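The lines below spell out each chain.
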Amino acid sequence: MKGKNKRKRIVAYVESYDDILFWRNILSFFENETRYFEVMLPNVNKRLERGKKSAITALATNKQLGEYMIACVDADYDYLIQGHSTTSKTVLENPYVFHTVAYSIENLQCYAQSLHNVCVMATLNDHIRFDFVEFLHTYSKIIYPLFVWNIWHYRHERYDKFSLIEFCQMIETGKLKSATIPDTLSHLAQKVERKILFFRRHLPNKVEEVAALDKELREKLGVKPEETYLYIQGHHLFEHVVAPLVQHICYALVREREDEIRRTAAHFTQARNELSCYTNSIQDITQMLKKNTGYMLSPQVQSIVKALSERLKLQEI
């Protein structure tokens with residue numbers, strides 16, 4: 001009954017369950033009366049699997065590339081190291097593999113311009129208590145020089161000399177509170193400067209290479225120093241920087257709203273009822289971050305949209 005006019009299904013393989021909503025939000029803009037996407041985990045050798053390797057393998061072993069099948073994966077460092085590994089070459093050169101540009105979806109869920117809205121979704125309090133954009137831009141500018149050195153080490157396969165794990169440990173902020181952030185950032189800047197001085201002393205003949213890489217990252221790959229947070233390890237950013245900070249601000253917003261209810265209620269019963277209503281309305285902060293879609297306005301997502309439009313010849317949104 002559907003015949004020749006039925007909509008064409010395009011399968012999009014992703015790395016994990018958390019990726020499904022992210023890529024659904026992007027791919028849905030390209031659906032029309034002739035095509036639709038189904039976002040799913042890869043099925044390799046009739047087994048459900050997870051991970052970037054599985055998504056790419058599932059794509060490579062299928063003959064329906066492009067017309068009926070694509071892979072959508074986290075960029076990790078594969079975008080920034082520009083083909084200096086086998087996986088990086090595949091991610092960049094296979095026309096039916098699409099990546100997040102940013103390190104991962106977690107980075108984009110932490111898109112600075114959207115974090116105030118996350119607080120509003122969680123607390124139903126629109127009072128601006130903290131400037132997330134200023135904080136993450138300042139944090140990014142501080143860690144950027146060390147980030148460039150880390151990318152250089154990965155391009156030259158010197159992982160054992162300066163691993164991603166060590167880099168994440170060096171840019172650790174500890175438990176963030178709005179009142180102590182200036183001291184935290186000052187301490188972080190000192191740690192970064194010491195490590196950079198270490199590299200300059202021990203690798204003096206590589207300083208010019210790193211400077212050239214810095215220029216390439218900015219001018220060719222679109223990495224802005226104030227947006228470095230989008231290109232560091234996503235789980236580290238989400239779990240150790242942004243989520244704790246957002247929780248701290250949200251708790252303050254909840255207390256503020258509860259105090260307002262107690263102060264303005266006409267009597268005890270009204271205060272109790274209003275507090276109960278408010279408590280039932282607030283949402284889990286971490287879940288609101290994971291469901292945050294404010295990243296749709298980011299330059300990184302616009303790059304994904306452009307790649308989809310150009311490679312699949314779909315109508316751009």
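Description of the structure in this document. Note that the structure is a prediction, hence the values are computed from the model and not measured.

## What about the packing of aromatic side chains?
Per the counting criterion, the structure on display carries 16 aromatic pairs. With 6.4 Å between their ring centres and 45 degrees between their planes, Phe-147 and Phe-167 make a pair best called tilted. On the criterion of sequence distance, the pair formed by Phe-147 in helix H6 (residues 132–155) and Phe-167 in helix H7 (residues 164–170) is long-range, its members being 20 residues apart. On the accessibility criterion, Phe-167 (0% relative accessible area) is buried.

## Details of the pairing of strand S5 (residues 69–73)
Burial analysis of S5 places 5 of its 5 residues in the buried class, which makes it a mostly covered element. As paired strands, S5 and strand S6 (residues 97–99) are joined by 3 bridges and run parallel to one another. Following the sheet pairing, Ala-71 is matched in S6 by Val-97. Regarding topology, helix H3 (residues 86–93) serves as the crossover connection from S5 to the parallel S6, and that connection is right-handed.

## Details of the state of the cysteines
For the coordinates displayed, the defined rule picks out 0 disulfides. Between Cys-168, a cysteine without a disulfide, and Cys-110, which holds the nearest cysteine sulfur, the sulfur-to-sulfur distance is 13 Å. Take Cys-168: its relative accessible area is 5%, and that puts it in the buried class.

## Concerning the side chain of Asn-107
Here Asn-107 shows up in helix H4 (residues 105–109). You can call Asn-107 buried: its relative accessible area is 0%.

## Considering the sheet that holds strand S1 (residues 8–13)
Sheet architecture is open: 4 strands sit in the order S2-S1-S5-S6, paired in parallel fashion. Only two strands of the sheet have a single neighbouring strand rather than two, namely strand S2 (35–40) and S6. Across the sheet, the mean angle separating the axes of adjacent strands is 30 degrees when strand polarity is ignored. Here 3 bridges tie S1 to S5, and the two strands are oriented parallel to one another. Of the residues in S5, the one forming a bridge with Ala-12 is Ile-70. On the sheet, helix H1 (residues 17–27) packs against S1, S2, S5 and S6 and is oriented at approximately 170 degrees with respect to S2.

## Remarks on helix H11 (residues 268–281)
For H11, with 14 residues, the first-to-last C-alpha span of 20 Å sits near the 20 Å given by 1.5 Å per residue. Within H11, the full set of buried residues consists of Ala-271, Leu-275 and Tyr-278. Each buried residue of H11 lies within a common arc of 65 degrees when the element is viewed along its axis, so the set occupies one face. Packed against the buried residues of H11 are helix H5 (115–123) and helix H10 (234–264).

## Focus on the nonpolar core
One finds Trp-23, Tyr-77, Leu-80, Phe-135, Phe-147 and Val-246 to be the most contacted residues of the largest nonpolar core, which totals 90 residues. The contact partners of Val-246, leaving out residues within four places of it in the chain, are Leu-115, Val-118, Cys-119, Phe-132, Ile-285 and Leu-289. Residues Ala-55, Met-69, Val-73 and Val-91 belong to the second largest nonpolar core, which totals 9 residues.

## Some details on the environment of Glu-226
As for its position among the elements, Glu-226 is in the loop between helix H9 (207–219) and H10. In this structure Glu-226 comes out as partly exposed when scored by relative accessible area, which is 24%. Between the C-alpha atom of Glu-226 and that of Ala-212, which follows or precedes it by 14 residues, the distance is 19 Å. Beyond its immediate sequence surroundings of up to four residues, Glu-226 is in contact with Leu-136, His-137, Ser-140 and Lys-141.

## Here's the deal with the packing of H10 against H11
Axis angle and axis distance: for two packed helices, these are the angle between their axes and the distance between the axes, and together they describe the pair. Contact geometry of H10 with H11 gives a least axis separation of 9 Å together with a crossing angle of 155 degrees. Taken together, the axis directions place H10 and H11 in an arrangement best described as roughly antiparallel. By crossing handedness, the relation of H10 to H11 is classed as right-handed. Counted together, Leu-253, Val-254, Arg-257, Glu-258, Ile-261 and Arg-262 of H10 and Ala-271, Glu-274, Leu-275, Tyr-278 and Thr-279 of H11 form the full contact between these two elements. The residue makeup of the contact of H10 with H11, split by class, is 6 nonpolar, 1 polar and 4 charged.

## With respect to H10
A rise of 1.5 Å per residue sets the reference length of H10, with its 31 residues, at 45 Å; its end C-alpha atoms lie 42 Å apart and thus fit the reference within 8%. At Val-242, H10 shows its largest bend, some 40 degrees, and a proline, Pro-244, comes one to four positions later.

How each quantity is defined
- Residues numbered from 1 in each chain as written.
- Predicted model: local features only at pLDDT ≥ 70, side-chain atom pairs only at ≥ 80, totals over all residues.
- Heavy atoms only, no water.
- Phe/Tyr/Trp six-rings, centres within 6.5 Å; stacked < 30°, edge-to-face > 60°.
- Helix = DSSP H or I, 4+ residues; strand = E, 2+ residues; numbered from the N terminus.
- Buried < 20%, exposed > 50% of the residue type's maximum accessible area, 1.4 Å probe, protein only.
- Pairing = 2+ DSSP bridges.
- Right-handed = clockwise from strand over helix to strand, strands pointing away.
- Disulfide = S-S within 2.5 Å.
- Axes fitted to C-alpha atoms, helices over the stretch in contact; angles between N-to-C directions.
- Contact = heavy atoms within 4.5 Å.
- Expected span 1.5 Å × (residues − 1).
- Arc of directions from axis to C-beta.
- Core = buried A, V, L, I, M, F, W, Y, C linked by side-chain atoms within 4.5 Å.
- Parallel < 35°, antiparallel > 145°, perpendicular 65-115°, else oblique.
- Left-handed = near helix turned anticlockwise from the far one by under 90°.
- Nonpolar A, V, L, I, M, F, W, Y, C, P; charged D, E, K, R; others polar.
- Bend = angle between axes of the 7 residues up to and from the residue.

Keep in mind these values describe shape, not function.
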